[in-house]
Amino acid sequence: MRGVAEQDGDTAGTTAKETIEMDATNPGDDVSEDVYDVAIIGYGPVGATAANLLGASGVRVAVLEREPSPYGRARAISTDEEVLRIWQGVGLAERLKADMLGDRPIDFVDAGGHSFLSLAPEPRGNGHPTQMFIYQPAVEQVLRAGVGRYPNVTVMLRHECVGHEELPGGVRLLVRGPDGVGTVRARYVIASDGGSSPTRTRLGIGFEGRTYEDRWLVVDTKVRRPWPDIDRLRFHCNPRRPAVDCPTPLGHHRWEFPVLPGDDEDELVRQAAVLRLLGEQGVTAEHVEVARAVVYSHHVRLAERWRAGRVFLAGDAAHVMPPWIGEGMASGVRDVANLSWKLAEVLRGTLPETVLDSYEAERKPHVRRVTAWAVRFGQLVIERRPFAAALRDPVLRAVMRVPLLGSWLRAGRWFPDPRYRRGFFSGGRRGMRLARADCVGWLLPQPWVADAENVHVRLDDALPEGWVVLRRTGTATGAWADAGVPVLDVLPGGSGTRPDAIVDVEGTLLRWMAAHRCDVVVLRPDRFVYGSARASGALVPPPFPGRVTTRAADIRERTTAWESSRSGRRGSDRVSRL
């Protein structure tokens, strides 16, 4: 069972340790006695998610964040069921959902306010609502409160990483804090320090793509009095001036407008100009209080590589996309969910370091596909040519009436599947070839199941942490059981429970396995299918020698050994002045 319990958010903003030893007079020396397994640069939702995941794994983590508190302006406005499943894995999903808005209608409307495209994404089997609207500052507070549960995570607020040097077996970070400059050492680094990532810049990694010419005014408001259609996301596709009208929880509402030629940006963010734009949408000062207004640009960019030695880019540091399908933050959370368990397994000595190369191999193609869809939907919204808009509206209305095509579009089946076609899976040298079996590389659905105590829970909460084998029949599991990997039978609904089985209450898992022609599946710690077999076939052997372990002590022993190997050379080590 999951060892991390849900926690209320009344301790939001609390953290673990928030100090670091510094020696401002000699910034090149290794002044801190602490050596961390992983240093995380940046403490937004992506960095905070990584800190929770690694903290739960027993990894010793240092978080470096320049700012003293979460950024007060809402940026991301939604998340999806897969991300909620990731947060479920660290025991925070239910608390986070308490501050979110459930599924809301999504409409693309013409200049007259009439819908020409409506979306109602169907569930994708992850056990949570398909889409949830968020207020990002509240999300960050809960994630940070979650990090406070882990004594193995040290959070250093008001500490900025200003340089780094890779050492044999680790990385030394140059850190500027309130008391001066010092160093922190870690075996690996996750840089989740935003789209303008100083880490990416220092590494000389290109950020390929483009920035849109049009800039957008983002207006966050507090609702005073509701108005019609307040509870739906609407893209106003008016070629004269498009607009985005988005519900957000906790009494907030978001509006976005393009900055048109001739607009004065300094004037546009003033109260009078904002209320004028809102008035064109039928919303007045009686309905909302303007909390803040800021102008920003849309980008489509992808880092040319996501790994440089022991440093990994994640979230906006690795990729940025326009906001039209609300997947920017979600993609970053998927990044660290993919990377964190691999780092823990490598630190533990269970897997070789080459496994870390699969992070980019798996995530980058998926991000490309998601970004492409964000761009496509954005083109519908930002179309400024009246003749093109006049053609767009009736064409899409007609498309929505075509039975198969309309339902495919409306249900969101166009969204990229949670499947990795290349990466760390069975089949091929290092698992880097296209997965051969039908279900290999897929994220396993998460239905409700009955556990050994006959309690109905979501699947992930019924499974042991780490690697797991699930089988429909008494299929042989080869060396997996010998390696200490738990093997559970999937029983049909109505079956009696037992310690080595789960009951598939609604038959979802059994149908999925039958559809994908597999009788036994090996699940990675992130619940993607590593390998599979039919009842008559042989299951691939484990990718690790000996018995698998989840003991944090194994990580500590390896890090202590590295620290000891460095101790004799500390006097001669220096960090380059950067």
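Everything discussed here concerns the structure shown above.
Before going into details, it helps to say that this report is about the structure given with it. Given the structure is predicted, the values throughout are model-derived calculations rather than measurements.

1. Topic: the overall build of the chain
Okay, step 1: Counting its secondary structure elements, the chain contains 15 helices and 25 strands.
Okay, step 2: Within the chain, the proportion of its 578 residues that are buried is 57%.
Okay, step 3: Long-range pairs, those at least 24 residues apart, make up 72% of the contacts in the chain with a sequence separation of at least 6.
Okay, step 4: With an accessible surface of roughly 22900 Å², the chain has 51% of that area assigned to carbon and sulfur atoms.

2. Section: the packing of aromatic side chains
Okay, step 1: Within this structure, the stated rule accounts for 25 aromatic pairs.
Okay, step 2: On the basis of an interplanar angle of 20° and a centroid distance of 4.6 Å, the ring pair of phenylalanine 108 and phenylalanine 235 is categorised as stacked. Of this pair, phenylalanine 108 sits in strand 4 (residues 106-109) while phenylalanine 235 sits in strand 12 (residues 233-236), and the two are 127 residues apart along the sequence. The pair formed by phenylalanine 108 and phenylalanine 235 is uniform in burial state, with each residue classed as buried.

3. With respect to the sheet that holds strand 5 (residues 115-119)
Okay, step 1: Taken in spatial order, the eight strands make up an open sheet running 5-4-12-13-14-11-15-18, and their pairing is mixed. At either end of the open sheet lies a strand with only one pairing partner, and these are strand 5 and strand 18 (319-320).
Okay, step 2: Pairing of strand 15 (residues 288-303) with strand 18, which is carried by two bridges, proceeds in the antiparallel orientation. Looking across to strand 18, one finds that arginine 301 is bridged to valine 320.
Okay, step 3: Strands in contact with helix 9 (residues 358-382) are strand 4, strand 5, strand 11 (207-223), strand 12, strand 15 and strand 18; relative to strand 15, the strand with the most contacts, it is inclined by about 130°.

4. Side note on the packing of helix 1 (residues 45-56) against helix 4 (residues 136-147)
Okay, step 1: Interaxial distance between helix 1 and helix 4 falls to 9 Å at its minimum, and their mutual angle equals 25°. Classified by the angle their axes make, helix 1 and helix 4 are roughly parallel. The way helix 1 lies across helix 4 gives a crossing that is left-handed. In contact with Pro45, Ala48, Thr49, Ala51 and Asn52 of helix 1, helix 4 contributes Gln136, Glu140, Leu143, Gly146 and Val147.
Okay, step 2: Looking at the contact of helix 1 with helix 4 residue by residue, the class counts come to five nonpolar, four polar and one charged.

5. Some points on a nonpolar patch on the surface
Okay, step 1: A surface patch of nonpolar side chains, amounting to about 240 Å² of accessible area, comprises Val402, Leu405 and Trp408.
Okay, step 2: With respect to the secondary-structure elements, tryptophan 408 resides in helix 11 (residues 403-410).

6. Here's the deal with the pairing of strand 22 (residues 487-492)
Okay, step 1: The sheet contact formed by strand 21 (residues 468-471) and strand 22 spans three bridges and is parallel. Within the sheet, the bridge partner assigned to arginine 471 lies in strand 22 and is aspartate 489.
Okay, step 2: Pairing between strand 22 and strand 23 (residues 501-504): four bridges, direction parallel. Considered in strand 23, the bridge of valine 490 is made with isoleucine 502.

7. Topic: the pairing of strand 14 (residues 252-258)
Okay, step 1: Counting buried positions over the seven residues of strand 14 gives seven, a clear majority of the element.
Okay, step 2: Here strand 14 shows no split at all, with His252, Arg254, Glu256 and Pro258 on one side and His253, Trp255 and Phe257 on the other all buried.
Okay, step 3: With seven bridges connecting them, strand 11 and strand 14 associate as antiparallel partners. Bridging across to strand 14, tryptophan 216 finds its partner in proline 258.
Okay, step 4: Pairing of strand 13 (residues 243-248) with strand 14 involves five bridges; the strand directions are antiparallel. If you follow valine 244 over to strand 14, its bridge partner there is glutamate 256.
Okay, step 5: Linkage of strand 13 to strand 14, two consecutive antiparallel strands, is achieved through a turn of three residues, within which leucine 250 is found at a positive phi near 60°.

8. Some details on helix 14 (residues 508-515)
Okay, step 1: Within the sequence span of helix 14, burial applies to Leu509, Leu510, Trp512 and Met513. Buried residues along helix 14 cover an arc of 160° about the axis, so they all sit on one side. Along helix 14, the residues that are exposed and aim more than 90 degrees away from the buried face are Arg511 and Ala515.
Okay, step 2: The secondary structure elements touched by the buried residues of helix 14 are helix 12 (459-462), strand 21, strand 22, strand 23, strand 24 (520-523) and strand 25 (529-533).
Okay, step 3: Once helix 14 finishes, arginine 517 follows within two positions and takes phi at roughly 55°, a positive value.

9. Points about the pattern of salt bridges
Okay, step 1: Counted under the stated rule, the structure contains 42 salt bridges.
Okay, step 2: The partner of aspartate 500 in a salt bridge is arginine 498, and the shortest N-O contact between them spans 2.5 Å.
Okay, step 3: When its relative accessible area of 37% is taken as the criterion, aspartate 500 is described as partly exposed.
Okay, step 4: Here arginine 534 makes a salt bridge to aspartate 519, at a shortest N to O gap of 3.4 Å. Separated by 15 residues along the polypeptide, arginine 534 in the loop between strand 25 and helix 15 (552-567) and aspartate 519 in the loop between helix 14 and strand 24 bring together distant segments of the chain.
Okay, step 5: Residue arginine 534 is classed as partly exposed on the basis of its relative accessible area of 42%.
Okay, step 6: Salt bridges sharing partners connect three or more residues here, namely Asp107, Asp229, Arg232, Arg234 and Asp245.

10. Points about the environment of arginine 254
Okay, step 1: Following the sequence through the fold, arginine 254 ends up in strand 14.
Okay, step 2: For arginine 254, a relative accessible area of 3% gives the class buried.
Okay, step 3: When the C-alpha positions of arginine 254 and threonine 221 are compared, they lie 6.2 Å apart, and in sequence the two are 33 residues distant.
Okay, step 4: Here the side chain of arginine 254 touches arginine 75 through a polar contact of 2.8 Å, landing on its backbone oxygen.
Okay, step 5: Engagement of the side chain of arginine 254 in a polar contact is seen with the side chain of aspartate 220, the distance being 2.9 Å.

11. Thoughts on the side chain of arginine 392
Okay, step 1: In this fold, arginine 392 is placed in helix 10 (residues 386-401).
Okay, step 2: Filtering out sequence-adjacent residues up to four positions away, arginine 392 remains in contact with Phe116, Cys237, Leu380 and Glu383.

About the criteria used
- Starting from 1, residues in each chain are numbered consecutively following that chain's sequence as written.
- Residue-level local features of this predicted model are given only where pLDDT is at least 70; pairs of side-chain atoms are given and counted only at 80 or more, and the full residue set underlies all totals for whole chains, interfaces and linings.
- The basis for the side-chain values is all heavy atoms of the structure; hydrogens and waters are excluded.
- Numbering of helices and strands starts at the N terminus; helices are DSSP runs of H or I of at least 4 residues and strands are runs of E of at least 2.
- Burial classes: relative accessible area under 20% of the type maximum marks a residue as buried, over 50% as exposed, and values in between as partly exposed (1.4 Å probe, protein chains only).
- Residues are treated as being in contact if the distance between any of their heavy atoms lies within 4.5 Å.
- In this description, accessible areas are obtained by the Shrake-Rupley approach with a 1.4 Å probe, and a residue is regarded as covered only by the protein chains that are shown.
- Only Phe, Tyr and Trp rings take part, Trp by its six-membered ring, and two of them pair if their centres are within 6.5 Å. Stacked means planes under 30 degrees apart, edge-to-face means over 60, and tilted covers everything else.
- Strands are labelled as partners when DSSP assigns at least two bridges between them.
- Orientation is described by axes fitted as lines to C-alpha atoms, over the contacting stretch for helices, and by angles from 0 to 180 degrees between their N-to-C directions.
- Here the word oblique covers every angle except those under 35 degrees (roughly parallel), over 145 (roughly antiparallel) and from 65 to 115 (roughly perpendicular).
- What makes a crossing left-handed is the near helix being turned counterclockwise from the far one by less than a right angle; a clockwise turn instead makes it right-handed.
- Residues are grouped as follows: Ala, Val, Leu, Ile, Met, Phe, Trp, Tyr, Cys and Pro are nonpolar; Asp, Glu, Lys and Arg are charged; all remaining types, including Gly, are polar.
- Patches were defined on residues exceeding 30% relative accessible area and lacking a salt bridge, with like-charge contacts within 9 Å and nonpolar side-chain contacts (Val, Leu, Ile, Met, Phe, Trp, Tyr) within 5 Å.
- Within this document, salt bridges are pairs made up of a side-chain nitrogen of Lys or Arg and a carboxyl oxygen of Asp or Glu, the two lying within 4 Å of each other.
- The directions from the helix axis to the C-beta atoms form the arc being described.
- We define a polar contact as two N or O atoms separated by no more than 3.5 Å, with the added condition that, inside protein, one atom must be a possible hydrogen donor and the other a possible acceptor, whereas residues neighbouring each other in sequence contribute only through side-chain atom pairs.

Purely geometric numbers; function is a separate question.
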